[in-house]
Structures are given as C-alpha cells and as structure tokens.
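Listed here are the chains, written in short residue letters.
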Amino acid sequence: MTAPQYEVIIVGGRPAGSSLALRLGRAGLRVLLIEKARLAEQSPLSVPFLMNSAMQLLDELDLAEADYAGDAPRLRRFYLHFRDSFRTHLHIADVAGRDYVYVVDRVRFDCALWHKLASQPTVDCQQSSQLVDLLRDTGGQVCGITYRDAGGQLRTAHAPWVVGADGRYSLVARKAQARITLSHPEVATSALYAFWSGVRPYEPRDGEPHAVQIYSSCDGFSTIAMPTTAGRVGIVLQGCADRFLPKTGHIEDYYLAGLRKMPAVWDRLGKAQRVSPMFGCKRIGNLYRQAGGPGWLLCGDAYHQKDFIDAQGIYDALLESKLLAGCLIDWHSGKLAAADVVSRYDREAFAATHPMFQATVDRLKRELFTTLPPLVIKTVLRTLMTSPAYMQRFAKLVSRQIEPKDFAPKTFLLTTLLKNLPHVLLGKEGG
C-alpha cells in the first residue's frame, strides 16, 4: 500500500473545511485541503447570517472580527411582521459580550478563513481543485483521493482519513455511498434571493439604524430583509417547496410578484435596484447522513443540513469541525483508536446539533406549513409573540444559550397566555 502523504485530506474549503484544517494544522497534523472554486470569485448559495455564537467559535481560531465582518452593520434587532395583523421584535441575546449578529459577505468571510491557513506550515491548501474519486485499499477502506488541480492535471493523494466538507450536494458523500439516516422532506422549502442597493431603511426604534425585517404572510410564504455590506440589503423570498413553483425563465417575475404580496417589505423597494444575480435553492433539505465509514468522514452540510429559518448554518459548520478536529487530534496522538473515530464523532455531533435540528423542523411545521385562522393569529399567536419573556427565551434559543427542550415548556406557554391574552384583547400588549 502507498505510504500516506498526509494524515487528513479535506475536500471543501468553506467554513467547515477551512476551520477544520486550521484546528488540525495547529495540532501539527499534515493536511491537504482542496476547494473546487476560487473563493475570491464565487459566492456560495447562502443566506449568510453569522450569529454571535458562531463568532465565539471564530474567536477560538484567532480570527479578527474586522477581517470577516468588514463594513457589515451590527444587527441587534429582528422585527417580525405577521401578515398585517401585528408586529413584534426580538433583541439579540448577548453572547460573550456581543449583543449583535452580522449578515456577512460570504466571499470576504470564506477568504478570511482561508487566508488564516497561511500560518499553518503543515496544511497544503489548493483552490480550483476538483475531486474526481476516492481511492480505496484492497480491503475497501478509503485511503486517499484523485483530483484535478488548478492546472487541470490529474493527481493522487493518500491519507488515512478523507473528510467531505463539500456542502449539501457532497461528492464525497456520493462516492462513499453515505446513507441518509434521518430526513424530514415534508417540511422542505424553496427560496429565491438577491441583494439590493437603495433600500429604504427600516423604521428605526431607540436609535438603531439597522435591523432585520421578517414578514410572514401566514400562508406558507415569508420574506427576509437583511442589511449587509456596502449598504446593500439581501431580500429573501421563501415558501413551502410544493407551493413554490416559478415557471422556467420567469424566476425574477415570480420573485417580484411574491415580494409585492409582502407590503411591509415591498414598500421599502420603491427606488431600490437589484445589484446581484438571482440566487435560488430548491427543496432545502433537513437531514443527516452517515457521519463516516472506513477512512472517510463528513462535516458541515455534507453531514447535516437544515433550513436557514433559524440562521444556524455557519454555527453548526464551525461546531462540527471543532468536534471532528478533537476526534482526529486524539486519534493522531494515540488517545483514540481509528476504529472509534467515526462513532465518537457521530455521537458528539448528533448530540450537539440534533435538538436544534428538531426545533427548526417543528418551527417550520408551525410557521410555514400550518395555515392559522385569522382569529388565532390575532389572539394566541399575538399573545405569545408580543410577550417580552417569550421573545427573550427565543433569542437565547437561536444563540444556543438555552436548550430547545427548555425553550417553551407547556407550563410557561400556559402562564404566558393566561397573563397576556387579556392585554392583547384590549390592545395593550407589550413588544
């Protein structure tokens, strides 16, 4: 058998792959990291919320906030509209001194992580390099890859571990024949989005010049307006996949028609101009794949993916890479047998991500896939969503400071309804 050139080969150089390579490189492992794109030229499909919980993980990598955030505004409030029935707002919960989140420029963000790898002499980074196939030994165990480098030359590389960090359509997962172990296709959504300039600012409150605006039509569709870099605003139209049916060649017309049905957002676009291509994603998955097998592992969206409604994608990618790095470092130092790497990683990553995964699935069922009667929207939903206590707990949920099981127990919901419903009926609710 050919001697390994590396200890770990990572396919995919965006947040999961780059952060994994950085952690492994710091521990002295020899790593090959390949990325099929040129990161400075190609933005991935992403609704790029960066939660403060994710920034805490970036701090561990010594990544300077200014390097990845640039001029993106600090966002401290989310305003939520439920049809034209009512609106409420959410304060971002403080995490390690940050009471704000960002909508980042993904090109800048991904490049900041990649450039940080230059400080790691044991990490070999190659962009514009495309995986061709996995190599296997005589026993069927993955032992390396074949790939085309930036010059188009076919190359081989060997390592005891190959990690697929190559996204939701992972080629590593397909080549390894990774099984889907858990899936919720019944809550699949689709989305179209673009970036705009000249969008009228959202009505400020308490001096906050920037805010995220979310408008739900309460019939399976919603819109997100998210301020980002260079004065732009990303505008997302999302809906239940089976009802999200633009005709081929009429994507932009469908997008604009959907926004017109969301007046609180559409009215802000009077003099605005679209300054990016249209992006889209059909049938956004909510699933887990096998975490790995003999000689191979999956990380980030290749392993586990869910809808962006709770803005957890980048956080989960960074968290999974941290857990996987711990397993591989322990294997490298002899503390963990190779036969136990996959099982430990799977156990830890699933335990860390599945509660929020299930919370996201449940939220999709409630908020997009259930059409509530107007009376329920104006009473029960309004009572909960305008309760400061409820919204504070929700803020802690999405910043991963509270476990989903502790977010809204039945006793809390009942107490909130009994306490606040009379005020809602009288038009005196908080929020």
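Below you will find a few notes about this structure. (Residues numbered from 1 in each chain as written. Predicted model: local features only at pLDDT ≥ 70, side-chain atom pairs only at ≥ 80, totals over all residues. Heavy atoms only, no water.)

**Considerations on the environment of S222**
Using the following cut-off: Helical segments are the DSSP runs of H or I of at least four residues, strand segments are the runs of E of at least two, and each set is numbered from the N terminus. Accessibility here uses a 1.4 Å probe with only protein chains present; expressed as a share of the type maximum, an area under 20% marks a residue as buried, one over 50% as exposed, and anything in between as partly exposed.
Inspection of the secondary structure puts S222 in strand β15 (residues 221-227). Judged by its relative accessible area of 9%, S222 is buried. For the pair S222 and Q238, spaced 16 residues apart in sequence, the C-alpha to C-alpha distance is 5.4 Å.

**Observations regarding the nonpolar core**
Across soluble globular proteins, you tend to see nonpolar side chains buried next to one another. Quick note on the threshold: We define a nonpolar core as any set of buried Ala, Val, Leu, Ile, Met, Phe, Trp, Tyr and Cys residues linked to one another through side-chain atoms lying within 4.5 Å. Contacts: residue pairs with any heavy atoms within 4.5 Å of one another.
Core analysis: the largest hydrophobic core is formed by 84 residues, its most contacted members being I10, L50, I145 and L328. Residue contacts for I10: discarding those within four places in its chain leaves G17, L20, A21, L24, V31, L32, L33, I34, V163 and A165. Ranked by size, the runner-up nonpolar core spans 41 residues in total, among them F78, F195, I214 and Y390.

**Details of helix α9 (residues 338-367)**
Going by this rule: One fewer than the residue count of a helix, multiplied by 1.5 Å, yields its expected span. Note on bend: the value at a residue is the angle between axes fitted to the seven residues ending there and to the seven starting there.
Taking 1.5 Å of rise per residue, 30 residues should cover 44 Å, and α9 covers 43 Å from first to last C-alpha, within 8% of that figure. Of all the bends in α9, the greatest reaches close to 40° and is centred on T353; the proline P355 follows between one and four positions later.

**Concerning the packing of aromatic side chains**
To keep things clear, this is the line we draw: Only centres within 6.5 Å qualify two rings of Phe, Tyr or Trp (six-membered ring in Trp) as a pair; their planes then separate them into stacked at under 30 degrees, edge-to-face at over 60, and tilted for everything else. Placement of a charge over a ring requires the Lys NZ or Arg CZ to be within 6 Å of the ring centre, with the centre-to-atom vector within 35 degrees of the ring normal.
This model, assessed by the stated rule, comprises 16 aromatic pairs. Judged by centre distance (5.5 Å) and plane angle (75°), the rings of Y288 and Y303 are edge-to-face. Of this pair, Y288 sits in strand β19 (residues 287-289) while Y303 sits in the loop between β21 (296-298) and β22 (304-305); the two residues are 15 residues apart in sequence, bridging distant segments of the chain. Each member of the pair, Y288 as well as Y303, carries the same accessibility label: buried. Taken together through their ring pairs, the aromatic side chains of Y288, Y303, Y345, F350 and F357 make up a single cluster. Sitting over the ring of F412, R393 keeps its end group 4.5 Å from the ring centre.

**Quick notes on the side chain of S216**
Note the following rule: Here a polar contact is taken to be a pair of N or O atoms separated by no more than 3.5 Å, where protein atoms must pair a possible hydrogen donor with a possible acceptor and residues adjacent in sequence count only if both atoms sit in side chains.
Topologically, S216 is positioned in strand β14 (residues 212-216). When its relative accessible area of 10% is taken as the criterion, S216 is described as buried. A polar atom in the side chain of S216 sits 3.2 Å from the backbone nitrogen of C218. Residues within four places of S216 in sequence aside, it is in contact with H81, F82, R83, F221, S222 and E367.

**Points about the packing of helix α1 (residues 15-26) against helix α4 (residues 106-116)**
Put simply, the rule reads: All axes are obtained by fitting lines to C-alpha atoms, using only the stretch in contact for helices, and the reported angles, taken between N-to-C directions, cover 0 to 180 degrees. Orientation categories follow fixed angle ranges, with anything under 35 degrees roughly parallel, anything over 145 roughly antiparallel, 65 to 115 roughly perpendicular, and all other angles oblique. Crossings are sorted by hand: turned counterclockwise from the far helix by less than a right angle, the near helix makes the crossing left-handed, and turned clockwise it makes it right-handed. Under the convention adopted here, Pro, Cys and the residues Ala, Val, Leu, Ile, Met, Phe, Trp and Tyr are nonpolar, Asp, Glu, Lys and Arg are charged, and Gly plus all remaining residues are polar.
At a minimum axis distance of 9 Å, the contact between α1 and α4 shows a crossing angle of 20°. In this view, α1 runs roughly parallel relative to α4, as classed from their interaxial angle. Crossing angle aside, the handedness with which α1 passes α4 is left-handed. Taken together, the residues of α4 that come into contact with α1 (itself represented by P15, S18, S19, L22 and R26) are R106, F109, D110, L113, W114 and K116. Residues belonging to the contact of α1 with α4 are distributed by class as follows: five nonpolar, two polar and four charged.

**A short note on the state of the cysteines**
Using the following cut-off: Two cysteine sulfur atoms form a disulfide, by the criterion used here, when they sit within 2.5 Å.
Summed over all chains, the structure comprises zero disulfides. Of all cysteine sulfurs in the structure, the one in C240 sits closest to C218, which takes part in no disulfide; the separation is 12 Å. For C218, a relative accessible area of 6% corresponds to the buried category. In this structure C327 is not part of a disulfide, and its nearest cysteine sulfur, from C299, lies 10 Å away. Judged by its relative accessible area of 0%, C327 is buried.

**Side note on the layout of surface pockets**
We apply this condition: In the cavity and pocket records, a cavity denotes points on a 1 Å grid over the protein atoms alone where a 1.4 Å probe fits but cannot get out, a pocket denotes an open set with protein on both sides within 12 Å along at least 5 of 7 lines, and lining residues are residues with an atom within 4 Å of a point. Grid points are joined across faces, edges and corners, and a volume is the space filled by probe spheres set on the points.
The space that makes up the second largest pocket amounts to roughly 540 Å³. Considering the residues around the second largest pocket, the lining is formed by 23 residues, among which D362, R363, R366, E367 and Y390 are closest to the centre. If you list the elements that add at least two residues to the lining of the second largest pocket, you get α9, α10 (374-385), α11 (388-398) and α12 (404-407). For the lining of the second largest pocket, the residue count by class is 16 nonpolar, two polar and five charged.

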